[in-house]
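Below, each chain spelled out in residue letters.
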Amino acid sequence: MIITLTPNPSLDRTVTLAGLLVRGGVNRLQSVTTEPGGKGLNVARVLAGTGQEVTAVLPAPERDPLVAALDGLTEPGLTAQTVDVVGAVRVNTAVTEPDGTTTKLNEPGAVLSSAEVGAVEAALVAAVTVPAADAPDDVPHSWAILSGSLPPGAPTDWYARLVRLLRRHAPGLRIAVDTSDAPLAALAAALPEAAPDLIKPNGEELGQLAGLPAERATALEQGALAGDYAPVAQAARVLVDRGVGAVMATLGGAGAVLVTADGAWRATAPEIPVISTVGAGDSSVAGYILADVRGAEAPERLATAMAYGSAAAGLPGTTLPRPADLPAQAAEVTPL
C-alpha cells in the first residue's frame with residue numbers, strides 16, 4: 001500500500017488557448033477542464049492507474065466540490081481519505097498555450113486551524129499504521145509521499161515534523177517529499193533528523209538547498225542544458241551526505257539527475273511534443289515510486305520517472321498518464 005498526503009488540495013481548472021496568451025487583451029479559450037488536484041493526489045492517481053493500491057489523505061469540507069469530484073474518479077485502486085475542515089478547497093487555474101507554455105494561477109488555500117493540522121496528522125498516522133492485506137506485519141506500507149505547498153495556518157516546518165512523526169509510528173516506511181520554497185528550506189534545515197528517502201527539487205531549488213550562491217543555483221539547469229551535469233550531481237551529493245536517501249533533480253529539457261549513496265546517474269528526456277506541463281513533476285515522482293515498489297535499481301527508477309514525466313507533458317490539460325501513454329522511446333540513463 002502507498003499513502004499520499006496533499007495538505008493543500010485543489011480543484012485544477014485548465015484552460016487551453018488557440019493562440020499565444022495576450023496580456024491585457026481578450027483571449028479565446030479552446031477548451032476548459034476541471035479535475036481534482038494537488039500534487040499528492042496527482043501522484044496517487046498516476047500510481048492507481050498502474051494497478052497500485054493507494055490511499056490519498058487530504059483536508060476538505062464534507063460538501064466541498066472537490067469531494068464530489070473525487071467520487072467521480074475511475075482509478076479502482078485509489079481510496080480518498082478526506083479530513084473534514086472548515087475552509088473551502090482552493091481553485092487553481094492553468095493557462096496552456098499551443099507550444100506547451102503553461103501559466104499557473106494558484107490560490108493560497110483555506111487556512112487550517114491548529115486543531116485541523118492535528119487532525120490531518122492523526123489521519124496520516126492512522127493511514128500508515130493500518131496494515132495492508134498483502135504486506136508483512138513489520139512494514140504495513142511501502143511509501144508515504146508528502147507533496148505540494150502548505151496551506152495558510154500550517155507550520156512552515158510541517159513536512160519536517162511529519163517525517164519525524166512517521167519515522168516514530170511506522171519504522172521501515174519510505175518517505176518522499178516534494179515541495180518548494182520555505183517548506184523545502186525548513187526540511188533541509190532539519191536534516192539529518194528529518195531526512196526523507198526521496199526529494200525531487202528542480203535545479204534552482206537544489207542549488208539553494210546545497211547552499212550555493214543564487215547565481216550558481218540558477219545556473220545549474222542551464223549548465224545541464226549545455227551538457228554539464230557534474231555541478232548538479234555535486235549539489236545533490238551534499239544532501240545525500242546529510243541523510244537524504246535519494247535526490248532526483250528534474251531539469252526540464254535537460255532531463256534529470258538521480259544521486260544516491262551508491263552513485264549518480266543522468267537521464268535525457270524522450271523527444272515528445274510538449275502540450276501541457278501540468279502534473280509532469282508529480283508523474284515523475286509516481287514513476288520513481290512505481291519502479292521502486294517493483295524492485296528496480298536506481299537507473300531504472302530514474303528512467304521510469306522520466307517516462308511518466310514526459311508522458312504527462314505530452315498530454316493535454318490536467319490529463320495524467322497511464323501506462324499506455326508512455327513514450328515509445330525510453331529515456332537514456334548514463335552514470336555520472
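Up top is the structure.
Figured I'd write up the structure that's included with this text. Keep in mind it's a predicted model, so treat the numbers as computed, not measured.

In terms of nonpolar packing, the biggest core is built from 56 residues, with Leu146 and Leu206 touching the most fellow members. In this view, Leu146 contacts Leu5, Leu124, Tyr159, Leu162, Val163, Leu166, Ile175, Ala176, Val177 and Asp178; residues no more than four positions away in its chain are not counted. Among the nonpolar cores identified, the runner-up in size contains 40 residues, and Leu78, Ala286, Leu302 and Ala305 belong to it.

It is a general feature of regular strands that their side chains alternate between the two faces of the sheet. Of all the seven residues making up strand E6 (residues 90-96), six are buried; the element is thus mostly covered by neighbouring parts of the structure. Looking at chain direction, strand E2 (residues 10-17) and E6 are connected through seven bridges and run parallel. Directly across from Leu11, in E6, lies its bridge partner Val91. In terms of strand pairing, E6 meets strand E7 (residues 102-105) through four bridges, oriented antiparallel.

Here we come to the packing of helix H9 (residues 280-293) against helix H10 (residues 298-313). Two elements in contact, H9 and H10, have axes whose closest approach is 7 Å; the angle formed by their N-to-C orientations is 145 degrees. In this structure, H9 crosses over H10, and the sense of that crossing is right-handed. Contact residues: H9 offers Ala280, Ser283, Ser284, Gly287, Tyr288, Leu290, Ala291 and Asp292, while H10 offers Glu300, Arg301, Thr304, Ala305, Tyr308, Gly309, Ala312 and Ala313. Its residues assigned to classes, the contact of H9 with H10 comprises eight nonpolar, five polar and three charged.

All chains considered together, the criterion is met by eight salt bridges. Across the pair Glu35 and Arg45 runs a salt bridge, and its minimum N-O distance is 3.2 Å. Here Glu35 is found in strand E3 (residues 29-37), whereas its partner Arg45 is found in helix H1 (residues 39-48), with ten residues between them in sequence. A relative accessible area of 26% means that Glu35 is categorised as partly exposed. We classify Arg45 as buried; its relative accessible area is 10%. For Asp178, the salt bridge goes to Lys39, with nearest N and O atoms at 3.4 Å.

Helix length check: helix H8 (residues 230-241), at twelve residues, gives a terminal C-alpha distance of 16 Å against a target of 16 Å (1.5 Å per residue), a fit within 8%. Considered for burial, the residues of H8 that qualify are Val232, Ala233, Ala235, Ala236, Leu239 and Val240. Buried residues along H8 cover an arc of 165 degrees about the axis, so they all sit on one side. For H8, exposure combined with an orientation more than 90 degrees from the buried face picks out Gln234 and Asp241. The inward-facing, buried residues of H8 abut strand E10 (198-199), helix H6 (203-209), helix H7 (214-225), strand E11 (246-250), strand E12 (256-260) and strand E13 (263-267). After H8 finishes, the residue Gly243 shows a positive phi value of roughly 115 degrees.

Backbone geometry follows two general trends: most residues other than glycine have a negative phi, and most peptide bonds adopt the trans configuration. Of note, the bond from Leu191 into Pro192 is cis; its omega dihedral lies within 30 degrees of zero at 5 degrees. Following the sequence through the fold, Pro192 ends up in the loop between helix H5 (181-189) and E10. Here Asp181, not a glycine, exhibits a phi torsion of approximately 55 degrees, which is positive. Inspection of the secondary structure assignment puts Asp181 in helix H5.

Spatially, four strands are ordered E3-E2-E6-E7 in an open sheet, and the strand pairing comes out mixed. Single-partner strands in this sheet number two, and they are E3 and E7. Taking each pair of neighbouring strands and ignoring which way they run, the sheet shows an average axis angle of 20 degrees.

What counts as what
Residues numbered from 1 in each chain as written. Predicted model: local features only at pLDDT ≥ 70, side-chain atom pairs only at ≥ 80, totals over all residues. Heavy atoms only, no water. Core = buried A, V, L, I, M, F, W, Y, C linked by side-chain atoms within 4.5 Å. Buried < 20%, exposed > 50% of the residue type's maximum accessible area, 1.4 Å probe, protein only. Contact = heavy atoms within 4.5 Å. Helix = DSSP H or I, 4+ residues; strand = E, 2+ residues; numbered from the N terminus. Pairing = 2+ DSSP bridges. Axes fitted to C-alpha atoms, helices over the stretch in contact; angles between N-to-C directions. Left-handed = near helix turned anticlockwise from the far one by under 90°. Nonpolar A, V, L, I, M, F, W, Y, C, P; charged D, E, K, R; others polar. Salt bridge = Lys/Arg side-chain N within 4 Å of Asp/Glu carboxyl O. Expected span 1.5 Å × (residues − 1). Arc of directions from axis to C-beta.

Any link to function would need more than the numbers given here.
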